[in-house]
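Tertiary structure, described
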Amino acid sequence: MADASKKSRPVAKPSTAKSSKLIAGKSAGTGAKKPPAPAPASAPKAAAGAKLAKPAAKPLAKAKPPARPAPALAAKPAPKSSPISVAKAAPKVAAKPVAKPAAPLVTKPAAKLPLVATPKPAPKTVHGGAQAPAKSTPVSVQDLKAPAGASLLLQGANWVTLNMVREIMPGDVRVEHGRITAIGERLKPRKDEQVVSVHGLTAFPGFVQLHVHLCQTLFRHMAEDLALFDWLRNRIWPLEAAHNPASLAASSRLGILELLLSGTTTVFTMETTHHTETVFQELLAGGQRAYSGKALMDSGRGVPQELREDTAASLDLARRHLADWHGKGRLSVTLNPRFAPSCSADLLKGVASLARESGAWIHTHVAETRDEVQLTREVFGRNPVQLYEALGYLEGKFLGAHAVHLTEAEKLIIAAHRNAVLAHCPSANLKLGSGIAPLSDLLARGIRVGLGADGAACNNNLNILEEMRLAGLLQKVSRGAATLSAETLLELATIDAARAIGLEEEIGSIEPGKKADLVFFDLNHPSIQPAGTPAQQLVWSASSRDLVHTMVEGEFLVKDRRATRLDHEEVLKTAKLEARKLVSRAGLEGRIRL
């Protein structure tokens, strides 16, 4: 087998299109007439006295592809704060081919010799005669207590590599210092090397989820049969307002446990407006790679006073989170304006300024429902993506969740910004009756897309296997049975998601030099066999109950279907106890069955 890790990937050139700036939702005149907005659908009107200023300019309904720089407006940028120590440049990401179907996963003969890491090799530890064969007795995963940085030899799995040529091969993988250093048919154990038998299992790269709310895991089955705005105003916001550190910790632990038990090794989460330090602590303890941050909201009809923030104080707290938590363990801090109608123009502009100075991701909701789109037009005079472009969000690292109701103009805008990423959340969109996102169309345009479960309160689980399956089924029923193969759906949850967030050189495939984020499934269940490729078996037939092990950077966070850092029984016991207290604090007894 050729060493696929040596092949280079194309790197996307940054877009030269510059976006205009925002002045409280107004657009600057350039002498050219702009087309009027389409007649808006019915939606709740903005509350009287809301902080969101309604623009005098006509709403923009359509936009042409950005062929030349948009005119700059006279808006003054938000006041600059002193740079924080965690600022990082946005990573380069490789472009996804436009309208090109993904290559099928093909089985290749196993390599006769190990593939030795060449790109970004991990530092090696001498194990007393590194290449000499040693009499090493395989240990069960249950007995594995390898110290950090120890060498592991994973023997006997069927490896679905997702490398450049999509090889599937039986054999062994060596992991050192959290990275894969060799793949081969029969790797010889080294002296003092831990040997772990994974015979009979199928290994995939760890899954990447791009939109989750850990703060809502405790709300599972507490907000059923409601459309989005009723769901938020009548249940979710009152419950979030009632959170205290103890209930938020219980909610986070329950969500982290569920994510690990279904194979998610990297996750983007958006939390509530307060006690986010508690979520950071739980993520660090759980061991996943996580991008997380507090929700930012200072306005909006129906938002409880407990969740409304002072604009300056909200931004200051987000800045402190970046300084105190970003880069700790496997945690990165993000900036999360909840969605446009819940934020004032000053807050939205402040987020843009803080993102520029810190290099942090902006993670928000985009065009989830028609009501959200209409309300954004009423308040800001623009559709959501047009608003975020005018703010400059799409010039940095931008992640928009849902994107169900995008206009053609908005699709063109996103396609022109290579750092803009969308999270497709099919289960939540179905449960809330929001609609079906045009996933196939987005992919055909070269837009970067990943998958997300959203929250347990609107989906009822955090299982990315379900999101892969539903994403495929929805596109087949709306675009034709040949749309989106199992292989393409698996890529959306692994290498494509990694590429979307700029981590394709670190995670997303099983290759020498990459971090050992691995998930192992037993695909020998009667409900999965007897035929099919591993991708078909996983996407169309497998469930989280078929997961055996989850590994992040060479550490087993789940082994033999049990989490290693979390106590299953204690997590469940605490979640039930805190859920009762939370419902009582929210004044929802009698309306929620516990």
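Residues numbered from 1 in each chain as written. Predicted model: local features only at pLDDT ≥ 70, side-chain atom pairs only at ≥ 80, totals over all residues. Heavy atoms only, no water.

A few words on the overall build of the protein chain. Counting its regular elements, the protein chain contains 15 helices and 21 strands. Here the protein chain holds 594 residues, and the buried ones make up 59% of them. Within the protein chain, counting contacts between residues at least 6 apart in sequence, those at least 24 apart form 79% of the total. Here the protein chain has roughly 23300 Å² of accessible surface; of this, 55% comes from carbon and sulfur atoms. (Helix = DSSP H or I, 4+ residues; strand = E, 2+ residues; numbered from the N terminus. Buried < 20%, exposed > 50% of the residue type's maximum accessible area, 1.4 Å probe, protein only. Contact = heavy atoms within 4.5 Å. Areas by Shrake-Rupley, 256 points an atom, 1.4 Å probe, with all protein chains shown as cover.)

So, about the confidence of the model for the protein chain. Per-residue confidence for the protein chain gives a mean pLDDT of 82; residues scoring 70 or more make up 75%. Predicted confidence for residues 1–147 stays below pLDDT 50, and this span has 312 contacts to residues more than four positions away or in other chains. (pLDDT = per-residue confidence, 0-100.)

With that settled, consider the side chain of Thr-574. Among the secondary structure elements, Thr-574 is positioned in helix H15 (residues 568–585). Within the local environment of Thr-574, its side chain forms a polar contact with the backbone oxygen of Glu-570, the two atoms lying 2.9 Å apart. The residues contacting Thr-574, other than those within four sequence positions of it, are Ala-250 and Arg-253. (Polar contact = N/O pair within 3.5 Å; in protein donor to acceptor, adjacent residues only side chain to side chain.)

The next point concerns the pattern of salt bridges. Per the stated rule, a full pass over the model turns up 27 salt bridges. The network of salt bridges with shared partners includes Arg-179, Arg-289, Arg-330, Glu-506, Lys-515, Asp-517, Glu-553, Glu-555 and Arg-565. (Salt bridge = Lys/Arg side-chain N within 4 Å of Asp/Glu carboxyl O.)

Take the environment of Phe-207 next. Assignment of secondary structure puts Phe-207 in strand S8 (residues 207–212). Separated by 56 residues in sequence, Phe-207 and Gly-263 have C-alpha atoms that sit 5.9 Å apart.

Here we come to the packing of aromatic side chains. In total, this model carries ten aromatic pairs according to the counting rule given. Between Phe-229 and Phe-339, the ring centres sit 6.2 Å apart and the planes meet at 35°, which makes this aromatic pair tilted. Of the two residues, Phe-229 sits in helix H1 (residues 228–242) while Phe-339 sits in the loop between strand S13 (336–337) and helix H5 (345–358), which places them 110 residues apart along the sequence. For the residue pair Phe-229 and Phe-339, the accessibility class agrees, reading buried in each case. Look at Tyr-388 and Phe-398: their rings are 5.6 Å apart centre to centre, the planes differ by 45°, and that puts the pair in the tilted class. (Phe/Tyr/Trp six-rings, centres within 6.5 Å; stacked < 30°, edge-to-face > 60°.)

This paragraph deals with H5. With 14 residues, H5 ought to run about 20 Å at 1.5 Å a step, and its terminal C-alpha atoms sit 20 Å apart, in line with that. Most of H5 sits out of view: twelve of its 14 residues are buried. Burial in H5 covers these residues: Ala-345, Leu-347, Leu-348, Lys-349, Gly-350, Val-351, Ala-352, Ser-353, Leu-354, Ala-355, Glu-357 and Ser-358. Positive backbone phi, approximately 75°, marks Gly-359, located one or two places after H5. (Expected span 1.5 Å × (residues − 1).)

Counting 120 residues, the largest nonpolar core has Phe-207, Tyr-393, Met-468 and Leu-490 as the members making the most contacts within it. Here this core gets nine residues from one element, more than from any other, and that element is H1. Leu-154, Trp-159, Ala-516 and Phe-556 belong to the second-largest nonpolar core, a separate cluster that totals 20 residues. (Core = buried A, V, L, I, M, F, W, Y, C linked by side-chain atoms within 4.5 Å.)

The next subject is unusual backbone geometry. The omega angle of the peptide bond from Gln-529 to Pro-530 is 25°, so this bond is cis rather than trans. Its location among the elements puts Pro-530 in the loop between strand S18 (518–521) and helix H14 (534–541). Positive phi outside glycine occurs at His-221, with the angle close to 65°. Take His-221: it is sitting in the loop between S8 and H1. Residues other than glycine seldom take positive phi values, yet Asp-560 does so here, at roughly 50°. As for its placement among the helices and strands, Asp-560 is situated in the loop between strand S20 (555–559) and strand S21 (562–563).

A separate point is the packing of helix H7 (residues 384–391) against helix H8 (residues 408–415). One way to put it is that H7 packs onto H8 with a least axis distance of 9 Å and a crossing angle of 40°. Between H7 and H8 lies a crossing whose hand is left-handed. Contacts from Pro-384, Val-385, Gln-386 and Glu-389 of H7 reach H8 at Ala-409, Glu-410, Ile-413 and Ile-414. Residue composition of the contact of H7 with H8, grouped by class: five nonpolar, one polar and two charged. (Axes fitted to C-alpha atoms, helices over the stretch in contact; angles between N-to-C directions. Left-handed = near helix turned anticlockwise from the far one by under 90°. Nonpolar A, V, L, I, M, F, W, Y, C, P; charged D, E, K, R; others polar.)

Moving on: the pairing of strand S5 (residues 179–184). Of all six residues in S5, six are buried, a share of seventy percent or more. Relative to S5, strand S4 (residues 167–176) runs antiparallel, the two sharing five bridges. Among the inter-strand pairings, Val-173 is bridged to a residue of S5, identified as Ile-183. Linking S4 to S5, which pair antiparallel, is a turn of two residues; within it His-177 sits at a positive phi near 55°. (Pairing = 2+ DSSP bridges.)

Right, let's talk about H7 for a bit. Counted residue by residue, H7 has eight buried out of eight residues, so it is predominantly covered. Buried within H7 we find Pro-384, Val-385, Gln-386, Leu-387, Tyr-388, Glu-389, Ala-390 and Leu-391. Packed against the buried residues of H7 are H5, strand S14 (362–366), helix H6 (370–380), strand S15 (398–402) and H8. A positive backbone phi angle near 90° is found at Gly-392, which sits one or two residues after H7.

Across the five residues of S20, four count as buried, placing the element largely inside the fold. Across three bridges, strand S19 (residues 547–552) lies against S20 in antiparallel orientation. Counted as the bridge partner of Val-552 is Glu-555 from S20. In textbook terms, the turn of a hairpin is the stretch between consecutive antiparallel strands, and for S19 and S20 this stretch comprises two residues, one of which, Glu-553, has a positive phi near 50°. Looking at chain direction, S20 and S21 are connected through two bridges and run antiparallel. Across the sheet, residue Val-558 finds its bridge partner in S21, namely Ala-563. A loop of two residues connects S20 with S21, the two strands running antiparallel in sequence, and Asp-560 in this loop sits at a positive phi of about 50°.

Another aspect to go through is the environment of Ala-323. Relative to the helices and strands, Ala-323 is located in helix H4 (residues 311–325). Through-space distance from the C-alpha of Ala-323 to that of Val-333 is 9.1 Å; in sequence the pair is ten residues apart.

In this structure, Ala-516 sits in the loop between helix H13 (495–500) and S18. Residue Ala-516 is classed as buried on the basis of its relative accessible area, which comes to 0%. Through-space distance from the C-alpha of Ala-516 to that of Pro-205 is 8.2 Å; in sequence the pair is 311 residues apart.

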